[in-house]
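Coordinate inspection notes
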Amino acid sequence: MNTQFAAQVERWPLERLIPHARNARTHSDEQVAQIAGSIAEFGFVNPVLVGDDGVLVAGHGRVLAARKLGLNEAPVIVLSHLTPTQRRALMIADNQIATNAGWNEEMLSAELAALKDEAFDLELLGFDDADLYRLLAKTLEESQKSEEHTSELQSRFGISYAV
């Protein structure tokens, strides 16, 4: 296996980036707005991937979001080592492999609760309201169980301590 690494991240004008005509991934207006919110909050930290010819391999949604934000440039990694067939395959793999990941919901719930306590705008994370409610409710339930356990220990053993 001959693993290739990106030589560098370049900055290209958006008009130089060409959407791939056979890109099967779709982006709703709502999702583009979410990506734009992420770029506005965190910066354009995930470069788009292109061939030497400027045709997008990955990052179609990020380019749409950049245009929505009125940006003129995007960070780009040029995949000059890939054949056109490999670029088309990567366009699919880049999107599909990400959907195969899961969440440790206990850890995710705890992290969302911590971000909420720090007044971070959870809307920027891409979850819908129902999922946020469900995940935050899990943390609240665990907190209540812990408080009940503490109360039980205090009454059973006469232990008193500040939390």
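Rules and cut-offs
Residues numbered from 1 in each chain as written. Predicted model: local features only at pLDDT ≥ 70, side-chain atom pairs only at ≥ 80, totals over all residues. Heavy atoms only, no water. Helix = DSSP H or I, 4+ residues; strand = E, 2+ residues; numbered from the N terminus. Buried < 20%, exposed > 50% of the residue type's maximum accessible area, 1.4 Å probe, protein only. Contact = heavy atoms within 4.5 Å. Areas by Shrake-Rupley, 256 points an atom, 1.4 Å probe, with all protein chains shown as cover. Pairing = 2+ DSSP bridges. Axes fitted to C-alpha atoms, helices over the stretch in contact; angles between N-to-C directions. Phe/Tyr/Trp six-rings, centres within 6.5 Å; stacked < 30°, edge-to-face > 60°. Lys NZ or Arg CZ within 6 Å of the ring centre and 35° of its normal. Patch = residues over 30% accessible without salt bridge, like charges linked within 9 Å, V, L, I, M, F, W, Y side chains within 5 Å. Salt bridge = Lys/Arg side-chain N within 4 Å of Asp/Glu carboxyl O. pLDDT = per-residue confidence, 0-100. Core = buried A, V, L, I, M, F, W, Y, C linked by side-chain atoms within 4.5 Å. Expected span 1.5 Å × (residues − 1). Arc of directions from axis to C-beta.

Let us look at the overall build of the protein chain. Assigned secondary structure in the protein chain consists of 5 helices and 4 strands. When its helices and strands are written in sequence order, the protein chain yields β-α-β-β-α-β-α-α-α. Taking all 163 residues of the protein chain together, 28% fall into the buried category. A separation of at least 24 residues holds for 74% of the contacts in the protein chain among residues at least 6 apart in sequence. As presented, the protein chain carries roughly 11300 Å² of accessible surface, and 52% of it is formed by carbon and sulfur atoms.

On to the sheet that holds strand S4 (residues 73-78). Strand order in this open sheet of 4 strands is S1-S4-S2-S3, and the pairing throughout is mixed. Edge positions in the sheet fall to strand S1 (10-13) and strand S3 (56-58), since each of these pairs with one other strand and no more. Across this sheet, the average inter-strand angle for adjacent strands is 50 degrees, counted without regard to direction. Where S1 lies against S4, 4 bridges are found, and the strand directions are antiparallel. Looking across to S4, one finds that Glu10 is bridged to Val76. Packed onto the sheet, helix H2 (residues 60-68) meets strand S2 (48-50) and S3 and runs at close to 110 degrees relative to S3.

Another point: the packing of aromatic side chains. For any two aromatic rings, the description comes down to two numbers: the centre-to-centre distance and the angle of the planes. Under the criterion given, the structure shown has 2 aromatic pairs. The ring of Trp12 carries the charged tip of Arg16 above its face, separated from the ring centre by 3.5 Å.

The next thing to look at is the environment of Val63. Turning to its location among the elements, Val63 is positioned in helix H2. Residue Val63 is classed as buried on the basis of its relative accessible area, which comes to 2%. Between the C-alpha atom of Val63 and that of Val32, which follows or precedes it by 31 residues, the distance is 9.1 Å. In this view, Val63 contacts Leu14, Leu17, Val48 and Leu56; residues no more than four positions away in its chain are not counted.

In this structure, S2 lies alongside S4, joined through 3 bridges in parallel fashion. Residue Leu49 lies in a different strand from S4, and its bridge partner there is Ile77.

Our next topic: a nonpolar patch on the surface. Side chains of Phe42, Val45 and Leu125 sit close together on the surface and give an oily, nonpolar patch of about 270 Å² of accessible area. Overall, the relative accessible area of 42% leaves Phe42 in the partly exposed class.

Turning to the confidence of the model for the protein chain, a few remarks are in order. In the predicted model, the protein chain carries a mean pLDDT of 88, and 85% of its residues have values of at least 70. Model confidence for the protein chain, summarised as mean pLDDT per element, is weakest for helix H5 (residues 129-157) at 69 and strongest for H2 at 98.

In this structure, Leu17, Val48 and Val50 are the most contacted members of the largest nonpolar core, which totals 16 residues. Where this core is concerned, the elements lending two or more residues are helix H1 (29-42), S2, H2 and S4. Element by element, the count of residues in this core is highest for H1, at 4 residues. In contact with Leu17, other than residues within four places in its own chain, are Trp12, Val48, Val50, Gly54, Leu56, Val63, Arg67, Ala74 and Val76.

In a regular helix each residue adds 1.5 Å, so 13 residues correspond to 18 Å; helix H4 (residues 105-117) covers 18 Å between its end C-alpha atoms and thus fits that length. Among all positions of H4, only Leu108, Ser109, Leu112 and Ala113 are buried. Viewed end-on, H4 has its buried residues packed into an arc of 135 degrees, placing them on one side of the element. Residues Glu106, Met107 and Asp117 are exposed on H4 and point more than 90 degrees away from its buried face.

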